[in-house]
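Each chain is listed here by its residues.
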Amino acid sequence: MSLAGASPAPASGAVHVSLRGVSRIYPGRAAQPALHALGPIDLDLAPGEFFAVVGPSGCGKSTLLDVMAGLATVSAGSITFEGRSVNGAVPDGVGVVFQEDASFPWLTVTDNVAFGLREIGTPEATVKEKVSYALNFMGLGDFTQAYPAQLSGGMRQRVCIARTLVLEPRLILLDEPFGALDQQTRLLMGDELLRLWRETGATVLLITHALDEATMLADRVGVMSARPGRFLELVKTGWPRERDSTIVADSRFGQLTSRIWTLLRAESLRAMGHSRIAR
Amino acid sequence: MKARDSLLLILIVVAAWQVFHWIVGDIALRSPLVTARHALALLADPGFWPHLRETLLAFAEAFAIAMGIGLFIGLTLGASRLAGDVAEPILVALYSIPKVTLYPVILLIFGIGMPAKVAFGAIHGIVPISIFALNAIRNINPVYLRTGQVLRMSPLSATRKILIPAALPEIVTGIRVGFSLTLIGTLLGEMFGAQRGLGHMLLQAMTRHNMDAIMALTLLLVVFAAVVNAALLSLDRHLHSRA
Ligand SMILES: Nc1ncnc2c1ncn2[C@@H]1O[C@H](COP(=O)(O)OP(=O)(O)OP(=O)(O)O)[C@@H](O)[C@H]1O
Ligand SMILES: [Mg+2]
């Protein structure tokens with residue numbers, strides 16, 4: 001039993017997800033003026049691609065995830081997933097792990113992870129099998145009957161990851177899923193994510209603030225500007241599909257990470273309002 | 001609270017009662033033992049049971065109505081942000097009106113008897129239950145609802161499986177507060193607008209200065225309220241401990 005088995009990406013050319021001129025403006029309210037949070041953005045994700053997004057805090061990364069998932073409407077531009085337009089409704093086959101803790105406090109770990117499967121009417125025997133596999137996979141095997149309140153922040157985030165992965169989405173959007181983890185666990189979870197990505201053939205978009213994580217995991221790293229977030233550069237890593245955290249020792253790893261940092265440094269300073277320090 | 005703590009608390013209350021009794025004298029305050037004996041005598045009196053039945057019936061109806069209307073108002077207003085923003089201050093204002101001022105109106109509408117005291121009990125409970133339910137819905141973590149959207153749940157399904165369970169702990173707190181206030185309202189209703197029931201008995205005992213009866217009735221009511229409240233409180237704690 002494994003989490004593999006997501007239907008392979010459909011033959012809609014070489015593009016799985018496509019964004020054209022996508023912007024999002026939060027409308028103003030009372031004393032709050034309208035806020036241009038994102039874009040314009042053009043982006044094509046190939047089927048089965050692992051794409052990472054890095055950018056200064058508040059640049060619109062979570063907003064990008066929202067519009068791609070169909071959780072928010074675009075203010076301009078268009079998004080297609082598997083050839084169909086996405087705007088304000090979540091398409092079938094998309095899984096999201098949010099930046100905030102979204103585990104349901106009224107359900108045990110097991111029932112949390114089983115929630116989506118039960119929702120689509122999966123037979124209970126299959127639910128059991130998939131959930132127990134996912135829980136062991138996520139290192140939650142000893143906490144199946146615990147409530148989220150009894151878990152650490154990182155463990156709760158893993159519950160949310162498991163809840164999304166058991167549904168075998170074809171597009172997985174993750175918003176800083178390892179934010180609450182220590183560096184060692186983060187690297188190991190990264191390995192697991194890579195393994196899962198290979199097994200399922202899913203397209204992955206990972207938002208992260210850890211540059212080494214982005215470099216190590218992704219096929220391409222999108223470096224975003226300060227708000228309104230646009231892609232300054234899409235950095236190709238060129239890693240083989242079979243890879244794991246040991247590539248941090250590769251000489252190109254340092255070069256790539258430092259390239260991304262150079263791009264980001266100026267933007268991060270700008271985002272914090274220190275435009276004169278940055279050169 | 002552990003069973004041992006509860007027992008200790010009861011002992012302290014009874015001891016304080018006894019000490020008070022020694023200080024203020026037998027005319028103003030009967031001793032715990034005498035009161036308990038009178039309460040038992042009341043329970044043994046067949047004439048008492050129809051009154052008790054009447055009160056429990058009125059209270060049950062009032063509480064059911066308060067829950068029904070209160071949850072309906074709270075949940076519907078909570079579901080719409082704007083309606084909730086407008087309605088909350090109005091509900092709070094209503095809550096702070098002394099309900100007794102509404103009493104003549106209710107008597108005019110319902111006359112003396114069962115419907116009047118049910119109505120009086122219910123109006124005490126509706127507002128707190130609806131305020132708590134309203135805030136329970138409004139304060140739900142939005143990421144839970146977004147999770148429902150990603151799972152492409154229907155609004156009905158998301159309400160049943162996410163909205164309600166997420167709001168339940170706060171709703172139960174409201175029901176607990178509503179329970180106590182509805183009981184008080186029902187008894188007040190019986191005092192002013194009924195020929196039967198514990199509230200009526202209490203008022204009669206008061207006009208006749210029958211201290212034994214007053215204290216015995218009060219003891220029985222306190223015990224009833226404390227038992228139900230303890231049960232609701234433990235449910236409340238259980239739900240909140242997971243949140
Ligand atoms: N619901 C909203 N209404 C108005 N403005 C919003 C809303 N959500 C986000 N914003 C604004 O949009 C901008 C982008 O926010 P977003 O959450 O996408 O940033 P982010 O890149 O994910 O930041 P972080 O790295 O801190 O998570 C921010 O300036 C934020 O204040
Ligand atoms: Mg974010």
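In what follows, the accompanying structure is described. (Residues numbered from 1 in each chain as written. Chains lettered and ligands numbered in written order. Predicted model: local features only at pLDDT ≥ 70, side-chain atom pairs only at ≥ 80, totals over all residues. Heavy atoms only, no water.)

Quick look at the interface of chain A and chain B now. Contacts between chain A and chain B engage 23 residues on the former and 18 residues on the latter. In total, chain A and chain B occlude about 1900 Å² of area from one another, counting both sides; carbon and sulfur atoms represent 64% of this. At the boundary of chain A with chain B, the tally comes to 2 salt bridges. A salt bridge links R146 of chain B to D66 of chain A; the nearest nitrogen and oxygen atoms lie 3.1 Å apart. Our count for the chain A to chain B interface comes out at 4 residue pairs in polar contact (both at pLDDT 80 or more). (Contact = heavy atoms within 4.5 Å. Buried area = accessible area lost by both parts, 1.4 Å probe. Salt bridge = Lys/Arg side-chain N within 4 Å of Asp/Glu carboxyl O. Polar contact = N/O pair within 3.5 Å; in protein donor to acceptor, adjacent residues only side chain to side chain.)

All names here are of chain A. Taken together, 13 residues lie near ligand 1, and S57, K61, S62, T63 and Q99 sit nearest. At a separation of 2.8 Å, an oxygen atom of ligand 1 approaches a polar side-chain atom of S57. Across the complex, the protein chains shield 62% of the 630 Å² of accessible surface that ligand 1 would expose by itself. Elements represented by at least two residues in the shell around ligand 1 include exactly β2 (35-45) and α1 (61-69). Of the residues forming the shell around ligand 1, the biggest block, 3 residues, is contributed by α1. (Near = heavy atom within 4 Å. Areas by Shrake-Rupley, 256 points an atom, 1.4 Å probe, with all protein chains shown as cover. Helix = DSSP H or I, 4+ residues; strand = E, 2+ residues; numbered from the N terminus.)

Residue and element names in this part refer to chain A. Taken as a whole and judged by the stated rule, the model has 14 aromatic pairs over all chains. Ring centres of F104 and F115 lie 4.9 Å apart, and the angle between their planes is 70 degrees; on these two criteria the pair is classed as edge-to-face. Residue F104 is located in the loop between β6 (94-97) and α2 (109-119), and its partner F115 is located in helix α2; the two are separated by 11 residues in the primary sequence. With a relative accessible area of 0%, F104 lands in the buried category. Taking relative accessible area as the criterion, F115 reaches 9% and is therefore assigned buried. The aromatic ring of F104 is capped on one face by R163, whose charged end is 4.6 Å from the ring centroid. The residue whose ring lies beneath R241 is W197, and the NZ or CZ to ring-centre distance is 4.3 Å. (Phe/Tyr/Trp six-rings, centres within 6.5 Å; stacked < 30°, edge-to-face > 60°. Buried < 20%, exposed > 50% of the residue type's maximum accessible area, 1.4 Å probe, protein only. Lys NZ or Arg CZ within 6 Å of the ring centre and 35° of its normal.)

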